[in-house]
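Working through the structure, step by step
Residues per chain, in single letters:
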Amino acid sequence: MTSFNRSTSRRLKKLTQIPSVWEGDRRPLSSSPTQPRDSEANGECILWVDGSQGIVRGMDVIAPDIGPEAIVRTLMRAMEHPHSPAKPARPQRIVVRDREIQFYLRGVLQDLDIAIDYVPELPLIDELFRGFSDILDSQIPDLPPQYAQTLRDKAFAIWQAAPWEFLEEQQILSIEINKWDVGTLYASVMGMLGMEYGILFYRSENSLKRFRAAVLRDDESTQHLEEAFLKQDCLFLTFESAEDTDEDEDEVGDLADLPLSEIDPTFGNIHPLEGLRSVLYDEEALVVLVALESLSRFIRDHRRQLHDDTFPTLSRRYRISTPQSEESTKSVSVTVSTMPQMAAELEEMAGFGDEAQEIGDSDSSTFCSLRDDLIPEDSFLSLGVVSWEMLEYLHKGANYHKAGEIKQVGDGLPVILIQTSRPKAKTVIENLETAGGLKAICFNPGADPFDDNRYDLGLLQTQNGELFLFGEFLDDDPTHVEARKKWNQRCKNTKGYCGLIIAKGLTGASRGNPQLKDMMALFEARSLSPKDLGVGTLQLMPQLQFE
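Being a predicted model, the structure only gives us computed values, none of them experimental.

**Considering the packing of aromatic side chains**
- Enumeration over the complete set of coordinates arrives at eight aromatic pairs.
- A ring pair is formed by Trp159 and Tyr197, whose centres lie 5.4 Å apart and whose planes are at 75°; its orientation type is edge-to-face. Here Trp159, found in helix α5 (residues 145–161), pairs with Tyr197, found in strand β8 (residues 197–202); they are 38 residues apart in sequence, far enough to count as distant.
- Ring geometry for Phe443 against Phe470: centres 5.9 Å apart, planes inclined by 80°, an arrangement best described as edge-to-face.

Spelled out as structure tokens, the structure:
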């Protein structure tokens, strides 16, 4: 058994010994099933009370798995540094109601001339703990207990469906419920930027548009943005790491990289008169439950169409069963619809697509033919991303061609990497410079009428309007499909900016993984969709020419 150092015992014995009886105990704060997971109420409380004076001298809340030393540490503070108005002192007698605590304290305090006795009841501490339990048990849980597990299950279904992989925040879905004083909710999906994941269910179009307008104003201060945030009228579901951490958010990384067991959903409400609360009451919980279930079904039924470059017009009605505890309503008819017109309005507010449209307009008139003589046949090709830090080094060390001011959003700049030999790399760079530089990068559909294969063609457009083929990918190749998905997300993060890196070292040790020293040139450009490019599906001709 651990005991005090002799110097500690001498120090404690110098304290004035008062003719008082102190009560001590360690108990769970609450055993109520309504308390939320990981609540402080699930911990244990150590109390030391001077029964003669009726005052609390020391108190600590600890985790249940902490050993018996904790009760001694709290006792030491009760003696040397007691809560006001008590003075430092040493009691004549201590009473506890736990035999193990009694024997433990007798061993540890044997040099302090304090009697340690057992009593079956501790009246003062009993009264204090009854008060604690009443307070804790009267607290409202984050979710109504009868709906809590179902809501969490629906939230995890949304997490696994990952709608933020193909829906942007301005691509709004309407969810018509017409129940519990709720007409239509307007769902905005967060997460495409890889920063915050969740869904906002706005109660009105006006609230959604007002908040978007406030965020987009250049002159908004942090204070004004916070005020605009609290003026939203919405229910929400957000996701965060289940592990509480004080680390910097950048060090925590992207939640999408974590396993499901480390993801924790949070529900709540924002209203101009209530502010933010991470609590749902019964009717709100039912509304969110029905909205999540109908949204999950809609995503399941229309996932392929929602992946299209254009936001399609879709609508579907569902019959959603409500929990059995809701006796008056067994099911609710819900209609989920896309809102392309609102998405267009929100994009216009944000100024999305203006530059891309200008490029597309000019491209369609100047397109003549597709060439394949820019990129050497034996080159190594990959779709990837360059971190913002590495991009700064490339700006300084490589042959750098700037396209515009790029905001550093997401994990970096999406790039096409072409690795070839040093002489061939120099030729590619010179040819691009002769053509005025790189204007745009596009993936456009292609087809081979002889074997019915469909392709995703990687195209480079130079400033003089010429199109060059840099890669042919089977449309259903799962590796390329995944790479394209990431490419599209990253280009959306950067508002359409991307880049082409020309590197040497194809036959060296860095083949397939060129280092910074191997990267000879960076051409920044704009990313175009097939619609922006406007050349349609390119057909493979017998002469192996695309036109």
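Text resumes after the structure shown.
**Considering a nonpolar patch on the surface**
- A surface patch of nonpolar side chains, amounting to about 230 Å² of accessible area, comprises Phe229, Leu230 and Leu276.
- Here Leu230 lies in helix α7 (residues 222–230).

**What about the pairing of strand β6 (residues 173–179)?**
- Across five bridges, β6 lies against strand β7 (residues 182–190) in antiparallel orientation. Bridging across to β7, Ser174 finds its partner in Tyr186.
- Linking β6 to β7, which pair antiparallel, is a turn of two residues; within it Trp180 sits at a positive phi near 55°.
- Bridge count between β6 and strand β13 (residues 331–338): four bridges; the pairing is antiparallel.

**Examining the packing of α5 against helix α9 (residues 282–306)**
- Interaxial distance between α5 and α9 falls to 10 Å at its minimum, and their mutual angle equals 30°. Taken together, α5 and α9 sit at an angle that is classed as roughly parallel. Between α5 and α9 lies a crossing whose hand is left-handed. Contact residues: Gln146, Tyr147, Thr150, Leu151, Lys154, Ala155, Ala157, Ile158 and Ala161 in α5; Asp282, Ala285, Leu286, Val288, Leu289, Leu292, Glu293, Leu295, Ser296, Ile299 and Arg303 in α9.
- Among the residues forming the contact of α5 with α9, the class breakdown is 13 nonpolar, three polar and four charged.

**Description of the side chain of Gln232**
- Mapped onto the fold, Gln232 is located in the loop between α7 and β9 (234–241).
- Of the polar contacts made by the side chain of Gln232, one reaches the side chain of Tyr202; its length is 2.5 Å.
- Only 3.0 Å separates the side chain of Gln232 from the backbone oxygen of Phe229, close enough to count as a polar contact.
- What Gln232 contacts, discounting residues up to four positions off in sequence, is Leu200, Tyr202, Ser207, Phe211, Ile270, His271 and Pro272.

**Thoughts on the sheet that holds strand β2 (residues 44–50)**
- Sheet architecture is open: five strands sit in the order β3-β2-β1-β4-β5, paired in mixed fashion. Pairing within the sheet leaves two strands with one partner each, and these edge strands are β3 (55–62) and β5 (115–118). The sheet shows a mean angle of 20° between the axes of neighbouring strands, direction not considered.
- Judged from the five bridges that link them, strand β1 (residues 17–28) and strand β4 (residues 90–96) form a sheet pairing that is parallel. For Ile18, the partnering residue across the bridge sits in β4 and is Pro91.
- The strands that helix α3 (residues 99–108) touches are β1, β2, β4 and β5; relative to β5, the one it contacts most, it runs at about 170°.

**A look at the nonpolar core**
- The biggest cluster of nonpolar side chains holds 51 residues, and the ones touching the most others in it are Leu151, Ile175, Ile177, Phe201, Phe239 and Phe267.
- The dominant element in this core, judged by the number of residues it contributes, is α9, at 12 residues.
- With residues up to four places along the chain from it excluded, the contact list for Phe201 reads Ile175, Leu185, Tyr186, Ala187, Asp233, Cys234, Leu235, Ala291, Leu292 and Leu295.
- Core analysis: the second largest hydrophobic core is formed by 26 residues, Leu75, Ala78, Ala89 and Val108 among them.

**Thoughts on the sheet that holds β9**
- Read across the sheet, eight strands follow the order β11-β10-β9-β8-β7-β6-β13-β12 without closing on themselves; strand pairing throughout is antiparallel. Looking at which strands have only one partner, the edges of the open sheet turn out to be β11 (275–277) and β12 (315–321). Taken over all neighbouring pairs, the strand axes of this sheet differ in orientation by 25° on average, direction set aside.
- The strands touched by α5 are β8, β9 and β10 (263–271); relative to β10, the strand with the most contacts, the crossing angle is about 105°.
- Where α9 meets the sheet, it contacts β6, β7, β8, β9, β10, β11, β12 and β13, and its direction lies at approximately 140° from that of β12.

**Comments concerning the pattern of salt bridges**
- Inspection of every chain in the model, using the stated rule, returns 31 salt bridges.
- The salt bridge partner of Glu466 is Arg371, with a shortest N-O separation of 2.7 Å. Taken together, the residues Glu466 in the loop between β19 (453–462) and β20 (467–474) and Arg371 in strand β14 (residues 370–371) connect sequence positions 95 residues apart.
- Taken together, the shared-partner salt bridges in this structure form one network comprising Asp25, Arg27, Arg97 and Asp126.

**Some remarks on the confidence of the model for the protein**
- In this model, the protein carries an average pLDDT of 83, and 84% of its residues clear a pLDDT of 70 or more.
- Here residues 245–252 is modelled with pLDDT under 50, and outside its nearest four sequence neighbours on either side it reaches two contacts, counting other chains as well.
- Confidence drops under a pLDDT of 50 for residues 353–368, and excluding neighbours within four residues, the segment shows 22 contacts in the predicted structure.

**A short note on the pairing of β13**
- For β13, the buried fraction is high: six of the eight residues fall into the buried class.
- Across seven bridges, the pairing between β12 and β13 is antiparallel. Residue pairing in the sheet places Arg319 in a bridge with Ser333 of β13.

**Comments concerning the packing of helix α2 (residues 69–80) against α3**
- Two elements in contact, α2 and α3, have axes whose closest approach is 10 Å; the angle formed by their N-to-C orientations is 60°. Between α2 and α3, the interaxial angle falls into the category oblique. Crossing angle aside, the handedness with which α2 passes α3 is right-handed. Residues Glu69, Ile71 and Val72 of α2 form the contact with α3, whose own contacting residues are Ile101, Tyr104, Leu105 and Val108.
- Taken together, the residues that form the contact of α2 with α3 break down as six nonpolar, no polar and one charged.

Each value, and the rule that gives it
Residues numbered from 1 in each chain as written. Predicted model: local features only at pLDDT ≥ 70, side-chain atom pairs only at ≥ 80, totals over all residues. Heavy atoms only, no water. Phe/Tyr/Trp six-rings, centres within 6.5 Å; stacked < 30°, edge-to-face > 60°. Helix = DSSP H or I, 4+ residues; strand = E, 2+ residues; numbered from the N terminus. Patch = residues over 30% accessible without salt bridge, like charges linked within 9 Å, V, L, I, M, F, W, Y side chains within 5 Å. Areas by Shrake-Rupley, 256 points an atom, 1.4 Å probe, with all protein chains shown as cover. Salt bridge = Lys/Arg side-chain N within 4 Å of Asp/Glu carboxyl O. Pairing = 2+ DSSP bridges. Axes fitted to C-alpha atoms, helices over the stretch in contact; angles between N-to-C directions. Parallel < 35°, antiparallel > 145°, perpendicular 65-115°, else oblique. Left-handed = near helix turned anticlockwise from the far one by under 90°. Contact = heavy atoms within 4.5 Å. Nonpolar A, V, L, I, M, F, W, Y, C, P; charged D, E, K, R; others polar. Polar contact = N/O pair within 3.5 Å; in protein donor to acceptor, adjacent residues only side chain to side chain. Core = buried A, V, L, I, M, F, W, Y, C linked by side-chain atoms within 4.5 Å. Buried < 20%, exposed > 50% of the residue type's maximum accessible area, 1.4 Å probe, protein only. pLDDT = per-residue confidence, 0-100.

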